[in-house]
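Chain by chain, the residues:
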Amino acid sequence: GENVEQHPSTLSVQEGDSAVIKCTYSDSASNYFPWYKQELGKRPQLIIDIRSNVGEKKDQRIAVTLNKTAKHFSLHITETQPEDSAVYFCAASKGGTGNQFYFGTGTSLTVIP
Amino acid sequence: GAVVSQHPSRVICKSGTSVKIECRSLDFQATTMFWYRQFPKQSLMLMATSNEGSKATYEQGVEKDKFLINHASLTLSTLTVTSAHPEDSSFYICSARAFSIGEQFFGPGTRLTVL
């Protein structure tokens, strides 16, 4: 099955700096890679996703890059703000509503004002 | 986006009792729903895949007789924690995918505390 690894487990940055979180996956058949943000006690919320036919996607301060050959993808947050503090999870999945997501172990991001 | 609800949001029960958690897709039909368990400061651990009209598929190490899953309709899946013990205390979250390739929509979660 799929194995998703995520690094780092914790990350502290100064407000305004950039944050980068990296994930690797093992199954070359995976074709959908979402990133979720989870605040304490709340449900995970999708912040950005990328499909295997695209190498990069950007949405305002958030961007995701995908390297299919190396089987890794990364989340980039620029101009970080205190409200970006949360736990971020990457995931990998194949198409199909019945196919599960394989989640990374999470990164706890703290943005220091 | 698609909406998934979960009920109850919080439950406290005595050891030995059973607790049922409901997961509903409000504006789409979900032939498959997923049940996760999450311990504090840890990742989402998939417990089982709930299939409408058939048996759930459990992940290795998850006791199917303890965590009963029923997916009676295209919009409702239930997880029953039977004979709950304090070690079952956790945050349980369900989810579903509305489209063949796309995000998984999560319910708000249920905080279970077993005394």
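Up top is the structure these notes are about.
Below you will find a few notes about this structure. Just so we're clear, the structure is a prediction, and the values are computed from it rather than from any experiment.

**Some details on the state of the cysteines**
- With the rule as written, the count across this model stands at 2 disulfides over all chains.
- Note on cysteine connectivity: A:C23 is disulfide-linked to A:C90, with sulfurs 1.9 Å apart. Residues A:C23 and A:C90 share a disulfide whose torsion about the S-S bond is about -100°; that sign makes it left-handed. Here the residue A:C23 occupies a position in strand β3 (residues 19-24), and A:C90 occupies one in strand β9 (residues 86-92), the gap between them amounting to 67 residues. For the pair shown, A:C23 and A:C90 are each scored as buried.
- Paired through a disulfide, B:C23 and B:C94 show a sulfur-sulfur distance of 2.0 Å.

**Some words on the nonpolar core**
- Counting residues in each nonpolar core, the largest one holds 28 residues, and the members touching the most others are B:F67 and B:L112.
- Leave out the neighbours within four places in its chain, and B:F67 touches B:R37, B:M47, B:Y58, B:V62, B:L79, B:T80, B:V81, B:D88 and B:Y92.

**Focus: the packing of aromatic side chains**
- Within the structure shown, the criterion is met by 15 aromatic pairs over all chains.
- Residues A:F89 and A:F103 carry aromatic rings whose centres are separated by 6.5 Å and whose planes lie at 90° to one another, so their mutual orientation is edge-to-face. Linking A:F89 in strand β9 with A:F103 in strand β10 (residues 102-103), this pair joins segments that are 14 residues apart in sequence.
- Overall, A:F89 belongs to the buried group, its relative accessible area being 1%.
- With centroids separated by 5.7 Å and ring planes inclined at 45°, the aromatic side chains of B:Y36 and B:F106 adopt a geometry described as tilted.

Rules and cut-offs
- Residues numbered from 1 in each chain as written.
- Chains lettered and ligands numbered in written order.
- Predicted model: local features only at pLDDT ≥ 70, side-chain atom pairs only at ≥ 80, totals over all residues.
- Heavy atoms only, no water.
- Disulfide = S-S within 2.5 Å.
- Helix = DSSP H or I, 4+ residues; strand = E, 2+ residues; numbered from the N terminus.
- Buried < 20%, exposed > 50% of the residue type's maximum accessible area, 1.4 Å probe, protein only.
- Core = buried A, V, L, I, M, F, W, Y, C linked by side-chain atoms within 4.5 Å.
- Contact = heavy atoms within 4.5 Å.
- Phe/Tyr/Trp six-rings, centres within 6.5 Å; stacked < 30°, edge-to-face > 60°.

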